[in-house]
Amino acid sequence: MKNFFSLIKDENILLKIKKKSEASFWEYQILGLFYYLFNLSFDYFIITDKKIVYVIKDKLIKIAEYSDFSTLEFNSKNDIFSYKNIDNQEQKLNLNRLRLSYEEIQKIKKVLNHNI
């Protein structure tokens, strides 16, 4: 189990997107096919009832608490996820590195619209 899961272990997960990490140009040039065969790292985007967790290549990029679920918004045109933190300040999170598919975008929209 990854370290970042211990930060949200007692929370209700509303959305979880898990993808296999993408190889960078240099990783592909040096390791080539071996990278794809033995790549064990993942990318995650998780929304719980209290927090937002963003992980790329098993490295924690962002963990943030939000003030109210109704403040969560997702702009699918530019993959910007916005929310208000516990200090009621607007925050933005760029999800481009997650390489969201159409189905994943629809899943995010459904969760955000369903739980309002």
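Position numbers for residues count from 1 along each chain, tracking the sequence in the order it is written. With the structure being a predicted model, the display of local features is reserved for residues of pLDDT at least 70 and the display and counting of side-chain atom pairs for 80 or more, all residues being used for whole-chain, interface and lining totals. With hydrogens and water excluded, all non-hydrogen atoms of the structure serve as input to the side-chain values.

We now examine the environment of arginine 99. For arginine 99, the position within the fold is in the loop between strand 7 (90-94) and helix 4 (102-114). Residues arginine 99 and aspartate 79, 20 residues apart in the sequence, show an inter-C-alpha distance of 9.0 Å. By the criterion applied in these results, polar contacts are pairs of N or O atoms within 3.5 Å in which, for protein atoms, one can donate a hydrogen and the other can accept it, and in which residues neighboring in sequence qualify only through two side-chain atoms. A distance of 3.1 Å separates polar atoms of two side chains, one belonging to arginine 99 and the other to aspartate 43. For helices the rule is a DSSP run of H or I covering at least 4 residues; for strands it is a run of E covering at least 2, with both sets numbered from the N terminus onward.

For the rest of this paragraph, the subject is a nonpolar patch on the surface. A cluster of nonpolar side chains, Leu7, Leu60 and Ile63, forms an exposed patch at the surface whose accessible area comes to about 220 Å². In this structure, leucine 7 sits in the loop between helix 1 (3-6) and strand 1 (13-20). Like charges are joined within 9 Å and nonpolar side chains (Val, Leu, Ile, Met, Phe, Trp, Tyr) within 5 Å, but only among residues with over 30% relative accessible area and no salt bridge; these make up the patches. Only the protein chains shown count as cover for residues, and all accessible areas are computed by the Shrake-Rupley method using a 1.4 Å probe. In the sections that follow, a salt bridge refers to a side-chain nitrogen of Lys or Arg positioned within 4 Å of a carboxyl oxygen of Asp or Glu.

Here we take up unusual backbone geometry. In this model, asparagine 88 sits at a positive phi of 65°, which is unusual for a non-glycine residue. Locating asparagine 88 in the fold gives a position in the loop between strand 6 (80-84) and strand 7. The phi angle at arginine 99 is positive, at roughly 55°, despite the residue not being glycine. In this structure arginine 99 comes out as partly exposed when scored by relative accessible area, which is 25%. A simple rule labels every residue: compare its accessible area, found with a 1.4 Å probe on the protein chains alone, to the largest value its type can have, and call it buried under 20%, exposed over 50%, or partly exposed in between.

This part takes up helix 4. In this scheme, a helix's expected span is set at 1.5 Å multiplied by one less than its residue total. Compared with the 18 Å implied by 1.5 Å per residue over 13 residues, the 18 Å span of helix 4 between its first and last C-alpha is a close match. Along helix 4, the residues that are buried comprise Glu104, Ile105, Ile108, Val111 and Leu112. Down the axis of helix 4, the buried set is contained in an arc of 130°. They therefore lie on one face. Within helix 4, the exposed residues directed more than 90 degrees away from the buried face are Tyr102, Glu103, Lys110, Asn113 and His114. Think of it as the arc spanned by the lines of direction from the helix axis to the C-beta atoms.

All right, on to the packing of aromatic side chains then. A ring pair, where both rings are aromatic, is described by two values, the distance of the centres and the angle of the planes. Here a Phe, Tyr or Trp ring, Trp counted by its six-membered ring, pairs with any other such ring whose centre lies within 6.5 Å, and the pair is stacked when the planes are under 30 degrees apart, edge-to-face when over 60, and tilted otherwise. Tallied over the entire structure, the rule returns five aromatic pairs. Ring geometry for phenylalanine 81 versus tyrosine 83: centroids 6.4 Å apart, planes at 35°, classification tilted. Grouping residues by exposure puts phenylalanine 81 and tyrosine 83 together as buried. The cationic tip of lysine 18 hangs over the ring face of phenylalanine 42; the distance from NZ or CZ to the ring centre is 4.4 Å. Distance and angle both matter: a charge sits over a ring if NZ of Lys or CZ of Arg is within 6 Å of the ring centre and within 35 degrees of the ring normal.

This part is about the environment of aspartate 58. For aspartate 58, the position within the fold is in the loop between strand 3 (51-56) and strand 4 (59-65). Sequence-wise, aspartate 58 and lysine 20 are 38 residues apart; in three dimensions their C-alpha atoms are separated by 9.9 Å.

Turning our attention to the sheet that holds strand 7. The strands making up a sheet are joined through hydrogen bonds of the backbone, oriented either antiparallel or parallel. Only when DSSP finds a minimum of two bridges between them are two strands counted as paired. Strand order in the open sheet formed by three strands is 5-6-7, with antiparallel pairing between adjacent strands. The open sheet has two free edges, formed respectively by strand 5 (73-75) and strand 7, since each of these has just one partner strand. Across the sheet, the mean angle from the axis of one strand to that of its neighbour is 20°, orientation sign disregarded. Examined bridge by bridge, strand 5 and strand 6 share three bridges and lie antiparallel to one another. Counterpart to glutamate 73 in the pairing with strand 6 is serine 82. To obtain each axis, a line is fitted to C-alpha atoms, and for helices this fit is confined to the stretch in contact; angles are then taken between N-to-C directions over 0 to 180 degrees.

The next subject is the pattern of salt bridges. Applying the stated criterion to the full structure yields four salt bridges. A salt bridge links lysine 92 to glutamate 90, with the nearest nitrogen and oxygen atoms 3.9 Å apart. For lysine 92, a relative accessible area of 59% puts it in the exposed group. By relative accessible area, which is 47% here, glutamate 90 ends up partly exposed.

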